[in-house]
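Fold and geometry: a report
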Amino acid sequence: MPDASGIETQAFFKTIKLDAIDDSLPQEIKTACGVDVETCLECGKCSGGCSNVRIFDITPRQVVKLIKTGQEKPLLAMDALWACVSCQLCGDRCPAGIDIARIMDYLREKAYQKGIKATRYQVQLFHELMLGFIKKTGRVAEGQLIIRFNLKTGRYFKDADLGRRLFLKGKIKPFSSKIKNREDLRRIFQESIEREEDQ
Ligand code: SF4
Ligand code: SF4
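Keep in mind that what you see is a predicted model, and the values were worked out from it rather than measured.

Each value, and the rule that gives it
Residues numbered from 1 in each chain as written. Chains lettered and ligands numbered in written order. Predicted model: local features only at pLDDT ≥ 70, side-chain atom pairs only at ≥ 80, totals over all residues. Helix = DSSP H or I, 4+ residues; strand = E, 2+ residues; numbered from the N terminus. Buried ≥ 20, exposed ≤ 12 C-beta atoms within 10 Å, placed from the backbone. Near = placed C-beta within 6 Å. Nonpolar A, V, L, I, M, F, W, Y, C, P; charged D, E, K, R; others polar. Axes fitted to C-alpha atoms, helices over the stretch in contact; angles between N-to-C directions. Parallel < 35°, antiparallel > 145°, perpendicular 65-115°, else oblique. Contact = placed C-beta atoms within 7 Å. Core = buried A, V, L, I, M, F, W, Y, C linked by C-beta atoms within 7 Å. Left-handed = near helix turned anticlockwise from the far one by under 90°.

Structural notes on the overall build of the protein
Scanning the protein from N- to C-terminus turns up 11 helices and zero strands. Beginning at the N terminus, the succession of helices and strands in the protein can be written as α-α-α-α-α-α-α-α-α-α-α. Within the protein, the proportion of its 199 residues that are buried is 17%.

Describing unusual backbone geometry
In the Ramachandran plot, Glu42 falls in the positive-phi region, its phi being about 55° despite a non-glycine side chain. Tracing the backbone through its elements, the reader meets Glu42 in the loop between helix H1 (24–33) and helix H2 (45–49). Its 11 C-beta neighbours within 10 Å are what place Glu42 among the exposed residues. One non-glycine residue, Ser86, adopts positive backbone phi at about 55°. Along the chain, the position of Ser86 falls in the loop between helix H5 (80–83) and helix H6 (89–93). When the 11 C-beta atoms within 10 Å are taken as the criterion, Ser86 is described as exposed.

Here we look at the site of ligand 1
What surrounds ligand 1 is a group of 15 residues, the closest being Cys40, Cys43, Lys45, Cys46 and Cys94. At the level of secondary structure, the elements contributing two or more residues to the shell around ligand 1 comprise H2 and helix H3 (60–68). Top contributing element to the shell around ligand 1 by residue count: H3, with three residues. Residue composition of the shell around ligand 1, by class: 10 nonpolar, one polar and four charged.

Considerations on the site of ligand 2
In the vicinity of ligand 2 lie 14 residues, with Cys50, Cys84, Cys87, Cys90 and Ala101 positioned nearest. For the shell around ligand 2, the secondary-structure elements that each account for two or more residues are H6 and helix H7 (100–113). Of the residues forming the shell around ligand 2, the biggest block, three residues, is contributed by H7. Across the shell around ligand 2, the residue classes break down as 10 nonpolar, four polar and no charged.

Concerning the packing of H1 against H7
Between H1 and H7, the least distance of the axes is 11 Å, while the angle of their chain directions is 105°. Comparing their axes, H7 and H1 come out roughly perpendicular. In this structure, H1 uses Ile29, Ala32 and Cys33 to contact H7, whose residues at the interface are Arg102, Ile103 and Tyr106.

Let's talk about the nonpolar core
Judged by nonpolar contacts, the single largest core of 28 residues is most densely connected at Val63, Ile100 and Ile103. Breaking this core down by element, the ones donating at least two residues are H1, H3, H5, H6 and H7. The biggest single contributor to this core is H7, with six residues. Discounting residues that sit within four places of it in the chain, Val63 has contacts with Ile58, Leu75, Ala80, Ile100 and Ile103.

What about the packing of helix H8 (residues 121–137) against helix H9 (residues 142–152)?
Contact geometry of H8 with H9 gives a least axis separation of 10 Å together with a crossing angle of 145°. Here the hand of the crossing between H8 and H9 comes out right-handed. Packed against H8, whose contacting residues are Leu125, Phe126, Leu129, Met130 and Phe133, the element H9 presents Leu145, Arg148, Phe149 and Lys152 at the interface. Among the residues forming the contact of H8 with H9, the class breakdown is seven nonpolar, no polar and two charged.

The following block contains the structure:
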């Protein structure tokens, strides 16, 4: 039956025997994100407040429930991973303080590392381009990011007029300077790679 957001739950939740639940996923989320999903009250406030739930195939409340019941496969394949905009409204509304945006971020990265195809190619592309800029300079040059994104998606002149106006008003810069301490930046990326290799 549909939950408060109108999304069908039956497709995701089959009858599960309590003693058959694998708790390795909740433990992994606790270690990686510092979030204990066992504190979830299943109140649904996260789904009710989510800015994009109307286009989610799995609601934030369902995401937490799937983690609690150790069902990683549908989580890594869900479209919601690529439709979540990290706005954190869900976490702000959660009475248990569960940081769902952080969980979504972790699952998105895990799906990416496992080579699971993103359901929204353009979101993955944007993610890759932005991380590429950060890795190189520690900052994001918005102008270059938009141009590269539009070139790679074949929409050559999209945003051209808006970009020109923003540039003239000094709202975006065509180039960005590099941060001073790039050694720290290199270390953060290296530690992230090592953590992934350990998992
Ligand atoms: S708002 Fe928090 S406690 Fe309520 S269902 Fe969502 S995650 Fe669980
Ligand atoms: S962070 Fe993602 S899941 Fe949470 S409210 Fe925003 S779009 Fe919804």
